[in-house]
Each structure stands twice: as structure tokens, then as C-alpha cells.
Amino acid sequence: MAILSSKDHFFSMTKEFVARESARMAEVVKGLLHEHYPHHPLELQPGDENGPKSEGDRPGPSMLRLIYHSLTSDDLQLRDDGLDFNRLQHLFQLCMIAHMMSLKEARDEASASELLSRQGKRAADARHAENRQIAQVIKNWYLENRNKFKSMDAAAEEAMKLEPISFRTARKYIGEAAKELRSRS
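Residues numbered from 1 in each chain as written. Predicted model: local features only at pLDDT ≥ 70, side-chain atom pairs only at ≥ 80, totals over all residues. Heavy atoms only, no water.

**Observations concerning the pattern of salt bridges**
Summed over the entire model, instances satisfying the criterion amount to five salt bridges. Salt-bridge contacts for Lys 139 lead to Glu 176; the nearest nitrogen and oxygen are separated by 3.0 Å. Taken as a pair, Lys 139 in helix α4 (residues 129–145) and Glu 176 in helix α6 (residues 167–184) lie far apart in primary sequence, 37 residues in all. The closest approach of N and O atoms between Asp 153 and Arg 171, which form a salt bridge, is 2.7 Å. (Salt bridge = Lys/Arg side-chain N within 4 Å of Asp/Glu carboxyl O. Helix = DSSP H or I, 4+ residues; strand = E, 2+ residues; numbered from the N terminus.)

Here it is as C-alpha cells:
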């Protein structure tokens, strides 16, 4: 019993793999074209044969069409004519390009979500700036006047007259100031 399969068996397995992988990567490229350029056709257009063009940092529609048609062309199918190694190299290069484009899309989406997160944090920071300022005013006032009150509740009652805040909010800020004072000691 032979350990290695026959050359014919290996060739047919490789041929099936090439057909399957070509079809899979063609679908990836087709998805990228439809997602980013929804109104562009999948068929080759006049001028596409002049070579791929990029729009900014993203592959343009002509580049995606060229890759798609290279992946689906009969020229890429194995024939056992001595040129199959070149065809496999071509498939590998096309797959690498399509894979890198997919990775770039994933990275771009992550960058967009990070940007939105940063913008959200900046907006929240701006929205709460007045509250932080009021908190600091109340804390500074309490540190200067804490000896005038028997309790923090009494100080909170008086702090409500300084700024437009509720008793609970005033009590919270005074409690934070007292805690900071205790931690310094």
C-alpha cells in the first residue's frame, strides 16, 4: 500500500482546491465591490485593462473588478500542462491581495468605532464640565467652612444655597471633600 497518493489523485485534489478557493475569494472581492461601490457593475469596463486605480487608501472599483475576473477566469484553472505552478502562484497572489483588503476593511471599521468612542467621550466630557465645576466650588467652599457646621448634612443644606443642586448632590460633593481631607491627614 502506497503512502503517497498517485499524481493523478493529487492533481484532482489540487484542482478542486483551486476551484473552491478561487470561488471563495471571488465572493469576498465581489462583496467588497458591492459594499463600497454599490452602483458600480461587476463586469469589466472600458479602461479597466489599463490597470488598477486606487481611490485614496481603498482599492477602486476597477481594481476589484480585475481581481474578481482574474479569480473567476478559466486561465486560473489547472490543466496539467506544465504551467500549473504559475497558476497557483497567481492564485496565491490574488488571494493575498483580497485577504489584505478584507483585513484593511476590518481595521477601518475598528478605527471608525474607536473614533466614535473618542468623540463620545469628548462630548460627555463637555456635557459634564459644568457639573464638575459646581462640584469643585462646593468642595472648596466646604474645606474653607467645614468648622462652621455640626454635620455634613447641615453643610449640604447651606451648600444648596450656593449652587442650583439638590441636597443629595450637595451631600455627595461634601462627602467627597471630607474623604479627601481625611486621606490627606
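Having seen the structure, we can now continue with the description.
**Some points on the confidence of the model for the chain**
On average, the chain scores 78 in pLDDT, and the residues at 70 or more come to 74%. Least confident of the elements in the chain is strand β1 (residues 54–55), whose mean pLDDT is 54; most confident is helix α5 (residues 152–159), at 95. (pLDDT = per-residue confidence, 0-100.)

**Focus: the packing of aromatic side chains**
By the definition in use, this model includes one aromatic pair. Ring geometry for Trp 141 against Phe 149: centres 5.5 Å apart, planes inclined by 50 degrees, an arrangement best described as tilted. Given a relative accessible area of 16%, Trp 141 falls into the buried group. The class of Phe 149 is partly exposed, set by a relative accessible area of 21%. (Phe/Tyr/Trp six-rings, centres within 6.5 Å; stacked < 30°, edge-to-face > 60°. Buried < 20%, exposed > 50% of the residue type's maximum accessible area, 1.4 Å probe, protein only.)

**Describing the nonpolar core**
Core analysis: the biggest nonpolar cluster contains 15 residues, and Val 29, Leu 33, Leu 64, Ile 67, Tyr 68, Leu 71 and Leu 91 have the highest contact counts within it. Of all the secondary structure elements, the ones that give two or more residues to this core are α1 (7–36), α2 (61–72) and α3 (84–127). Looking at which element gives the most residues to this core, the answer is α1, with six residues. Formed by 14 residues, the second largest nonpolar core is a distinct cluster that contains Ile 138, Trp 141, Ile 165 and Ala 177. (Core = buried A, V, L, I, M, F, W, Y, C linked by side-chain atoms within 4.5 Å.)

**Describing the side chain of Asn 145**
Structurally, the position occupied by Asn 145 is in helix α4. Overall, the relative accessible area of 12% leaves Asn 145 in the buried class. Polar side-chain contacts of Asn 145 include one of 2.8 Å to the backbone oxygen of Trp 141. (Polar contact = N/O pair within 3.5 Å; in protein donor to acceptor, adjacent residues only side chain to side chain.)

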